[in-house]
Amino acid sequence: MVCDDIQRELVNRGFDLCHPIHTSWYNNLIISEGLVESGTLKLLPEPLSFDDGEGRIYNALLIGNTKSIWPVFLNWLSTQVDEQKKDGSIISDEQALAQIASPFDTFAQSSITDTIKQCCSKEQSDISSYQLFWSNGKSQKVDVDTGDDSTNTTDSVSVEDKSNHCFNDASDSFLVSMQRVATTTGEYWHDDDATKLCVHPEYGTWTAFRVVVVFQTKSTCGVADIPPTPPPCPCPVSEEESKAAKKVFDYALQMSSSNDIGYAATLNKSWAEIAEYFETISSGSEWSKVDETLKPWIQLRDCITVGREKWKYTDAQLLYHYTRDAEILLDELKRIGD
């Protein structure tokens, strides 16, 4: 089935989290929370399901990654830098890197879109079209037969409701609450009180969700069955740890408010938006160079012990995701080249 093909290919490209889901699970959740009625979030499409004959009925995939993505990304980046230097006009890694816009985002989007296209275009595929809903609010719809790609390139979403973390106030964007999608899989617990992060019983807080892919089947292939929502993941965090994390979260808000960032600029944003926002006020290829306002937000993930010893990001990966400092990538390229 297409899900198995996509999962295998994505693991090779560093995306080791790939969960079959049904979009009705997410839609029912955000309806029950009043987020659709308030206009905060939009419903995902609910096309017919696949039945893979092995007990799985789904119409979409949630795709993400653990720290396993970092070495794959660096190998990709090294190849891109070498390509930029081939004609001789660019002689340094720094010059070559400057030619690659948003390296990690480019890598993630190209890797995932290429994989989906490759697997859905196979002769035996039952997919007629699919839609990609990215964590940054961009969306794409692709027709498998014609290859037509309709892309929404909206980059920013204004928000007002401070009780949630993914918002949609603009008619030309479609921001999905990836954390809510993750909780519907039954594999993640959402820490809505302390860190505001999803916690996995094995990986802890060290996961990132990139995109929800919704599939449209060919007319004779889909089934109308909607599988029951999986039971929720039990809380893997102790009460003491949760209280300690809440103190760090409150401190992070206090630091943000005292440094002209403000409450609305932090809690009112998704984690992807927070990282993007902080790029404008902080950089740092070393911890000593990171703005004090940013440090508590980074440390939030570290408050949860489950998964930390095995799955915590390296310093370089963690710092880059929050600061997007090119110096980090240059140092990493030098390290893997030695």
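Thresholds applied
Residues numbered from 1 in each chain as written. Predicted model: local features only at pLDDT ≥ 70, side-chain atom pairs only at ≥ 80, totals over all residues. Heavy atoms only, no water. Buried < 20%, exposed > 50% of the residue type's maximum accessible area, 1.4 Å probe, protein only. Helix = DSSP H or I, 4+ residues; strand = E, 2+ residues; numbered from the N terminus. Pairing = 2+ DSSP bridges. Axes fitted to C-alpha atoms, helices over the stretch in contact; angles between N-to-C directions. Left-handed = near helix turned anticlockwise from the far one by under 90°. Contact = heavy atoms within 4.5 Å. Nonpolar A, V, L, I, M, F, W, Y, C, P; charged D, E, K, R; others polar. Core = buried A, V, L, I, M, F, W, Y, C linked by side-chain atoms within 4.5 Å. Phe/Tyr/Trp six-rings, centres within 6.5 Å; stacked < 30°, edge-to-face > 60°. Lys NZ or Arg CZ within 6 Å of the ring centre and 35° of its normal. Salt bridge = Lys/Arg side-chain N within 4 Å of Asp/Glu carboxyl O.

## Some points on helix H9 (residues 295-302)
(1) Moving on: Of all eight residues in H9, six are buried, a share of seventy percent or more.
(2) Moving on: All of the buried residues along H9 are Lys295, Pro296, Trp297, Ile298, Leu300 and Arg301.

## Brief notes about the pairing of strand E5 (residues 127-134)
(1) Moving on: In terms of burial, E5 is a largely internal element, seven of the eight residues being buried.
(2) Moving on: As defined by bridge partners, E5 adjoins strand E10 (residues 208-217) across seven bridges and the pair is classed as antiparallel. Its bridge partner being in E10, Leu132 is matched across the sheet by Val213.
(3) Moving on: Summarising the sheet, E5 and strand E6 (residues 139-143) pair through five bridges and their orientation is antiparallel. Within E6, the residue paired with Leu132 across the bridge is Gln140.
(4) Moving on: Hairpin connection of E5 to E6: four residues between the antiparallel strands, including Gly137 at a positive phi of 95°.

## Digging into the packing of helix H1 (residues 2-12) against helix H5 (residues 103-120)
(1) Moving on: One can describe the packing of H1 onto H5 by two numbers: an axis separation of 9 Å at closest approach and a directional angle of 145°. When you trace H1 past H5, the crossing you get is right-handed. Across the interface between the two elements, Val2, Asp5, Ile6, Glu9 and Leu10 of H1 pack against Ile112, Thr115, Ile116, Gln118, Cys119 and Cys120 of H5.
(2) Moving on: Grouping the constituent residues of the contact of H1 with H5 by class yields seven nonpolar, two polar and two charged.

## Considerations on the nonpolar core
(1) Moving on: Ile63, Tyr130 and Val212 are the most contacted members of the largest nonpolar core, which totals 75 residues.
(2) Moving on: If we ignore the near neighbours within four places in the chain, the residues touching Tyr130 are Ile116, Lys117, Cys120, Gln140, Lys141, Val142, Val144, Val213, Val214 and Phe215.
(3) Moving on: Grouped together as the second largest cluster of nonpolar side chains are seven residues, Ala194, Val199, Ala245 and Val306 included.

## Some words on the pairing of strand E4 (residues 60-65)
The side chains of a regular strand alternate between the sheet's two faces.
(1) Moving on: Most of E4 is tucked away: six of the six residues are buried.
(2) Moving on: Relative to E4, strand E1 (residues 17-21) is paired through five bridges, and the arrangement is antiparallel. Residue pairing in the sheet places His19 in a bridge with Leu62 of E4.
(3) Moving on: Pairing between E4 and E10: six bridges, direction antiparallel. Residue Leu62 lies in a different strand from E10, and its bridge partner there is Val212.

## So, the packing of aromatic side chains
(1) Moving on: Across all of its chains, the model carries 15 aromatic pairs by this definition.
(2) Moving on: Linked through ring pairs, Phe15, Trp70, Phe73, Trp76, Phe104, Phe107 and Tyr320 together constitute an aromatic cluster.
(3) Moving on: Note that Lys196 overlies the ring of Phe249, its terminal NZ or CZ placed 5.5 Å from the centroid.

## Focus on the environment of Ser125
(1) Moving on: On the secondary structure map, Ser125 appears in the loop between H5 and E5.
(2) Moving on: Of the residues examined, Ser125 reaches a relative accessible area of 7% and is grouped as buried.
(3) Moving on: Spatially, the C-alpha atom of Ser125 lies 6.5 Å from that of Val2, the residues being 123 residues apart in sequence.
(4) Moving on: Excluding anything up to four places from it in sequence, Ser125 contacts Cys119, Cys120 and Lys218.

## Some remarks on the pattern of salt bridges
(1) Moving on: Throughout the structure, instances matching the rule amount to 11 salt bridges.
(2) Moving on: Here Lys122 and Asp5 are joined by a salt bridge, their closest N and O atoms 3.7 Å apart. Here Lys122, found in the loop between H5 and E5, pairs with Asp5, found in helix H1; they are 117 residues apart in sequence, far enough to count as distant.
(3) Moving on: Exposure remark for Asp5: the relative accessible area of 15% places this residue in the buried category.

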